Amino acid sequence: MLKYQDVALRIKHMIYQQELPKGTQLANIEELINQYQVSRSTIIKALDRLERHGVIYQVQGSGIFVRQRKKSGYLNFMESHGFTVDLQDLPGSSTVFNVDIVKPDAQVQENLQCDADEEVYFIKRLRFVDGKVYGLEQSYYRKKLVPYLNKEIAENSIFSYIRDICNINIGFSDKYIQVTKLDAEMASYIGLPEGDPALFVEEIFYTTSGEPFDFSRVVYHCENTKFCVQGHAK
């Protein structure tokens with residue numbers, strides 16, 4: 001984890017642990033520099049990250065303020081924190097069907113920018129939030145970047161493992177969205193009738209250096225899934 005990401009996480013935890021209400025004014029930049037013993041640029045980047053994630057807002061000439069938290073049970077559609085982080089106020093779990101080492105097909109090669117003979121992990125898991133099916137997730141991880149995965153890891157937060165154990169700095173993602181109809185296989189996993197509408201999302205995750213390490217496809221349950229968009233206009 002980069003220093004500004006760590007500072008952003010510490011500030012976020014402080015806000016949530018103290019249950020600071022919307023509109024609470026935080027310390028100014030100089031005070032935050034002294035409190036966290038980091039440079040001005042680190043604090044500015046940390047605050048920018050928190051603002052993009054909908055945790056704070058900044059008013060020029062007035063200060064830094066706590067932003068209203070999103071409603072419980074909503075997945076932030078613009079940011080890619082992962083289920084575990086974004087829905088941490090609700091109990092979540094995963095049923096893991098596959099953790100296999102495979103050779104990538106043409107689509108996976110294109111999205112992960114890898115060769116046909118490069119090994120990738122293929123993981124299929126059903127995600128639950130508050131006891132309800134949220135979505136079917138199928139993900140491919142480059143083994144050269146994520147050297148080891150197993151069922152126990154996949155049952156929890158893969159991103160936390162990648163960041164904390166593999167020491168991969170997760171940078172950004174590209175997300176592609178469409179509405180589709182459930183085929184027989186997807187319907188059987190999701191628990192809805194074949195032909196029902198579903199939101200289908202493909203996402204490519206990159207390291208901070210721009211190297212793709214994860215290509216995921218998620219089909220969301222149309223009745224159980226709720227999204228929010230916390231916009232940030234500049």
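Residues numbered from 1 in each chain as written. Predicted model: local features only at pLDDT ≥ 70, side-chain atom pairs only at ≥ 80, totals over all residues. Heavy atoms only, no water.

Per an unreviewed UniProt entry, the chain goes by GntR family transcriptional regulator and derives from Orbus sasakiae.

**Section: the packing of aromatic side chains**
Applicable threshold: Here a pair means two rings of Phe, Tyr or Trp (six-membered ring of Trp) with centres within 6.5 Å. Their orientation is stacked below 30 degrees between planes, edge-to-face above 60, and tilted elsewhere. Going along the chain from the N terminus, every DSSP run of H or I of four or more residues is numbered as a helix, and every run of E of two or more is numbered as a strand. Summary of the burial criterion: residues with accessible area below 20% of their type's maximum are buried, those above 50% are exposed, and those between are partly exposed, where the area comes from a 1.4 Å probe applied to protein chains only.
Inspection of the entire model under this criterion finds 8 aromatic pairs. When the centroid spacing of 6.3 Å and the interplanar angle of 20° are considered together, the rings of Y140 and F215 count as stacked. Residue Y140 is located in strand β6 (residues 132–142), and its partner F215 is located in strand β9 (residues 212–220); the two are separated by 75 residues in the primary sequence. Considered together, Y140 and F215 belong to a single accessibility category, that of buried residues. One aromatic cluster in this structure is built from F122, Y140 and F215.

**Re the side chain of T207**
Using the following cut-off: By definition in these notes, contact holds between two residues if any of their heavy atoms fall within 4.5 Å.
If you trace the backbone, T207 turns up in strand β8 (residues 197–207). Relative accessible area serves as the criterion here: at 9%, T207 is assigned to the buried category. Dropping the residues within four chain positions of it, T207 is found in contact with I168, N169, G171, F172 and F213.

**Quick look at the environment of E155**
By secondary structure assignment, the location of E155 is in the loop between α6 (151–154) and α7 (158–164). For the pair E155 and R127, spaced 28 residues apart in the sequence, the C-alpha separation amounts to 9.2 Å. Contacts of E155, omitting those with residues within four sequence positions, involve S94 and V96.

**Some details on the nonpolar core**
This is how the line gets drawn: Here, nonpolar core means buried Ala, Val, Leu, Ile, Met, Phe, Trp, Tyr and Cys residues that are tied together by side-chain atoms lying within 4.5 Å of each other.
Y141, V146, L149, I158, I162 and F213 are the most contacted members of the largest nonpolar core, which totals 18 residues. Secondary structure elements with two or more residues in this core: β5 (120–129), α6 and α7. Setting aside anything within four residues of it in sequence, one finds I162 in contact with Y141, V146, N167, I168, I170 and F213.

**Section: the pattern of salt bridges**
Definition in use: Whenever Lys or Arg places a side-chain nitrogen within 4 Å of a carboxyl oxygen from Asp or Glu, that contact is recorded as a salt bridge.
Evaluation of the coordinates by the stated rule reveals 11 salt bridges. Salt-bridge contacts for R163 lead to D164; the nearest nitrogen and oxygen are separated by 3.1 Å. Ionic pairing is found between K175 and E203, a salt bridge with its closest N-O pair at 4.0 Å. Highlighted residues: K175 in strand β7 (residues 170–181) and E203 in strand β8, separated in sequence by 28 residues. Residue classification places K175 among the partly exposed positions, given a relative accessible area of 26%. Connected through salt bridges with shared partners, the residues E118, R142 and E211 form a single ionic network.

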